[in-house]
Amino acid sequence: MNSKTPYTGRFAPSPSGPLHFGSLVCALGSYLDALAHGGHWLVRMEDLDPPREEPGAAARILKTLESHGLHWHGAVEWQSKRHAHYEEILSQLRQRELLYACYCSRSQIRQNGGHNNLVCRTRDAEDKNDGACALRLNCAGGEERFEDIWRGTKIQSVHEDTILKRRDGLYAYQLAVVVDDIAQGITHIVRGADLLDTTAAQIRLFHLLGSEAPIFGHLPLVMGPGGMQKLSKQNHAPAIDDSKAASNLCTALDFLGFHIADGLEQEAPEHILKWAAARWQRHQVDKRDRQLH
Ligand code: GLU
């Protein structure tokens with residue numbers, strides 16, 4: 001599935017609910033950045049966590065993207081079909097002694113100043129699947145420095161060893177996201193600023209897996225009522241109404257810093273996207289997290 005072009009971007013929703021305005025802004029920002037750079041734009045369904053998924057959400061997300069003219073390149077990749085790849089990477093890391101079985105709770109790690117206790121670190125990584133231990137990557141601490149398209153130079157510490165397989169036996173987001181970004185040849189990751197803090201740990205994993213990290217760009221978050229929290233399923237963000245695609249796109253474009261031309265809302269989604277891709281300028285994106293107006 002490697003599709004190396006000079007630019008391969010992606011949108012990687014988790015099907016825990018339908019798309020809301022915040023996720024539409026991310027989809028649109030990653031789509032426009034890819035198209036404006038002559039790139040491919042892929043869609044990957046991050047259906048890794050069945051207990052948190054809403055039945056029908058994945059199909060609804062894809063329908064929303066299509067009805068907004070956000071057509072992806074190639075076939076959708078489904079993480080639920082990639083367990084064998086994740087297991088293979090875990091076994092490689094285990095052979096390299098980079099993985100260990102950890103019984104620490106979150107609060108123990110916090111008490112330990114964000115570090116895992118040495119007893120765990122020196123334990124082998126036999127996957128006991130006993131519901132009590134997670135598999136962690138020995139990240140070796142330190143920090144990662146990267147240039148974010150919108151956030152500038154970031155230096156983040158890699159203070160906690162990343163969980164790659166959860167104690168409930170599910171593959172962790174951090175493992176799957178990096179393994180798949182490598183496999184799909186992703187060169188640019190444009191996503192919401194809520195994931196900014198996960199970036200250093202991901203870069204570390206890219207490097208440990210022998211890959212160059214992609215370029216990251218973290219878009220502003222759409223905040224919910226009161227402006228304190230980002231829109232999310234947890235704070236009952238309304239689902240995108242597919243029958244209002246043109247107006248939704250114009251609202252999302254306005255949020256991203258576009259001055260919407262008169263009459264644009266009356267056009268078809270494909271026309272609106274073409275108009276926007278021709279005018280996309282990274283420096284015009286308003287980086288502040290804020291509510292829609
Ligand atoms: N699946 C993640 C989410 O919906 C996004 C992963 C990513 O873009 O890196 O929050």
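Residues numbered from 1 in each chain as written. Predicted model: local features only at pLDDT ≥ 70, side-chain atom pairs only at ≥ 80, totals over all residues. Heavy atoms only, no water.

Some words on the overall build of the protein
The helix and strand tally for the protein stands at nine helices and 10 strands. In terms of overall size, the protein behaves like a compact globule, its C-alpha atoms giving a radius of gyration of 20 Å where 293 residues would be expected to give roughly 19 Å. Dimensions of the protein, computed from C-alpha atoms along their principal axes, come out at roughly 65 × 35 × 35 Å. Looking at the 293 residues of the protein, the share that counts as buried comes to 52%. Of the contacts made within the protein by residues no fewer than 6 positions apart, 76% connect residues no fewer than 24 positions apart. Positive and negative side-chain charges in the protein, numbering 33 and 36 respectively, have mean positions lying 3 Å apart. (Helix = DSSP H or I, 4+ residues; strand = E, 2+ residues; numbered from the N terminus. Rg over C-alpha atoms; globule rule 2.2 N^0.38 Å. Buried < 20%, exposed > 50% of the residue type's maximum accessible area, 1.4 Å probe, protein only. Contact = heavy atoms within 4.5 Å. Lys, Arg positive; Asp, Glu negative; His and termini not counted. Charge placed at Lys NZ, Arg CZ, Asp CG, Glu CD.)

Structural notes on the site of the ligand
Contacts to the ligand come from Arg 10, Ala 12, Pro 13, Ser 14, Glu 46, Tyr 173, Val 177, Arg 191 and Leu 195. In this structure, Ala 12 approaches the ligand through a main-chain N or O atom, which is 2.7 Å from a nitrogen atom. Take Tyr 173: an N or O atom from its side chain is 2.9 Å from an oxygen atom of the ligand. Considering only residue class, the shell around the ligand consists of five nonpolar, one polar and three charged. (Near = heavy atom within 4 Å. Polar contact = N/O pair within 3.5 Å; in protein donor to acceptor, adjacent residues only side chain to side chain. Nonpolar A, V, L, I, M, F, W, Y, C, P; charged D, E, K, R; others polar.)

Describing the packing of helix α1 (residues 21-36) against helix α9 (residues 269-279)
Between α1 and α9, the least distance of the axes is 9 Å, while the angle of their chain directions is 60 degrees. The handedness of the crossing between α1 and α9 comes out as right-handed. Across the interface between the two elements, Leu 28, Tyr 31, Leu 32, Leu 35 and Ala 36 of α1 pack against Leu 273, Ala 276 and Ala 277 of α9. When its residues are assigned to classes, the contact of α1 with α9 shows eight nonpolar, no polar and no charged. (Axes fitted to C-alpha atoms, helices over the stretch in contact; angles between N-to-C directions. Left-handed = near helix turned anticlockwise from the far one by under 90°.)

Here we look at the packing of aromatic side chains
This model, assessed by the stated rule, comprises seven aromatic pairs. Aromatic ring contacts, followed pair by pair, group Trp 150, Phe 258, Trp 275 and Trp 280 into a single cluster. It is Arg 290 that lies over the ring of Phe 255; its NZ or CZ is 4.1 Å from the centre. (Phe/Tyr/Trp six-rings, centres within 6.5 Å; stacked < 30°, edge-to-face > 60°. Lys NZ or Arg CZ within 6 Å of the ring centre and 35° of its normal.)

Looking at the sheet that holds strand β8 (residues 163-165)
Read across the sheet, three strands follow the order β4-β5-β8 without closing on themselves; strand pairing throughout is antiparallel. Each edge of the open sheet carries a strand with a single partner, namely β4 (99-102) and β8. With strand direction ignored, the average angle separating the axes of adjacent strands in the sheet is 45 degrees. Here two bridges tie strand β5 (residues 134-137) to β8, and the two strands are oriented antiparallel to one another. (Pairing = 2+ DSSP bridges.)

Details of the sheet that holds strand β2 (residues 40-45)
With respect to topology, three strands assemble into an open sheet ordered β1-β2-β3, the strand pairing being parallel. In this open sheet, the two strands that pair with only one neighbour each are β1 (8-11) and β3 (77-78). With two bridges connecting them, β2 and β3 associate as parallel partners. Following the sheet pairing, Met 45 is matched in β3 by Trp 78. Contacting β1, β2 and β3, helix α2 (residues 57-67) runs over the sheet at an angle of about 160 degrees to β2.

Side note on the environment of Ser 105
Mapped onto the fold, Ser 105 is located in the loop between β4 and α4 (106-111). Measuring from C-alpha to C-alpha, the distance between Ser 105 and Ile 186 comes to 33 Å, with 81 residues separating the pair along the chain.

Quick look at helix α7 (residues 199-208)
Of all 10 residues in α7, eight are buried, a share of seventy percent or more. Gly 210 sits one or two positions beyond α7 and adopts a positive phi of about 80 degrees.

Some words on the packing of helix α3 (residues 83-95) against helix α6 (residues 173-183)
In the contact formed by α3 and α6, the axes pass within 10 Å of each other and the chain directions differ by 100 degrees. Here α3 lies roughly perpendicular to α6, going by the angle between them. In this structure, α3 contributes Tyr 86, Ile 89 and Leu 90 to the contact, and α6 contributes Leu 175, Ala 176, Val 179 and Asp 180. (Parallel < 35°, antiparallel > 145°, perpendicular 65-115°, else oblique.)

A short note on α2
Of the residues making up α2, those classed as buried are Ala 57, Ala 58, Ile 61, Leu 62, Thr 64 and Leu 65. End-on view of α2: buried residues confined to an arc of 160 degrees, all on one side of the axis. Residues Ala 59 and Lys 63 are exposed on α2 and point more than 90 degrees away from its buried face. Looking at the packing, one finds that the buried side of α2 touches β1, α1, β2 and β3. (Arc of directions from axis to C-beta.)

Brief notes about the pattern of salt bridges
Counted according to the given criterion, the structure contains 16 salt bridges. Linking Arg 82 and Asp 180 is a salt bridge whose minimum nitrogen-to-oxygen distance equals 2.6 Å. Separated by 98 residues along the polypeptide, Arg 82 in the loop between β3 and α3 and Asp 180 in helix α6 bring together distant segments of the chain. Pair check on accessibility: Arg 82 and Asp 180 agree, each one buried. The salt bridge partner of Arg 288 is Asp 286, with a shortest N-O separation of 2.5 Å. Among the charged side chains, a salt-bridge network with shared partners connects Arg 10, Arg 44, Glu 46, Arg 82, Asp 180 and Asp 181. (Salt bridge = Lys/Arg side-chain N within 4 Å of Asp/Glu carboxyl O.)

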